[in-house]
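For reference, the chains in residue letters:
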Amino acid sequence: MLNKNSIDAHTHNGVKSALNKHFINTGILPKELGKIYSQLFTWRQKADYDDIFDFNRERVLPYLDLVEDFINTIKQVIDEN
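Fair warning: this is a prediction, and the values are worked out from it, not measured in the lab. (Residues numbered from 1 in each chain as written. Predicted model: local features only at pLDDT ≥ 70, side-chain atom pairs only at ≥ 80, totals over all residues. Heavy atoms only, no water.)

Chemist: How do you make sense of the environment of Asn72 when you look at a structure like this?
Modeler: With respect to the secondary-structure elements, Asn72 resides in helix α4 (residues 63-80). Classification of Asn72 as partly exposed rests on a relative accessible area of 39%. A sequence separation of 21 residues divides Asn72 from Asp51, and the C-alpha atoms of the two residues are 33 Å apart. (Helix = DSSP H or I, 4+ residues; strand = E, 2+ residues; numbered from the N terminus. Buried < 20%, exposed > 50% of the residue type's maximum accessible area, 1.4 Å probe, protein only.)

Chemist: Would you mind going over the packing of aromatic side chains with me for this structure?
Modeler: Two aromatic rings are characterised by how far apart their centres lie and by the angle between their planes. Taken as a whole, this structure holds 3 aromatic pairs when the rule is applied. Aromatic side chains Trp43 and Phe55 sit 5.8 Å apart centroid to centroid with 75 degrees between the ring planes, which places their arrangement in the edge-to-face category. Remark: Phe55 occurs in the loop between α2 (31-49) and α3 (57-60) and Trp43 occurs in helix α2; sequence separation between them is 12 residues. In this structure Trp43 comes out as buried when scored by relative accessible area, which is 10%. The exposure class assigned to Phe55 is partly exposed, which follows from its relative accessible area of 36%. Look at Trp43 and Tyr63: their rings are 4.8 Å apart centre to centre, the planes differ by 65 degrees, and that puts the pair in the edge-to-face class. (Phe/Tyr/Trp six-rings, centres within 6.5 Å; stacked < 30°, edge-to-face > 60°.)

Shown next, in the form of structure tokens:
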């Protein structure tokens, strides 16, 4: 989506910032999706860099439908542009 809109991001944090700046803050994507993305980004950082971080069923399962909605919304925005 960023690439299609000629938005450069060279790091994971850059992608997060660009997504917020160009799509969440402008209302193209709902703020709720931004919150979901931020949570997933935080988990990814913890999984990569913290000594101990346990993903368990109770923590992850509630996000499955939310992530599917996130992906579908992104696809829709890409198709509309």
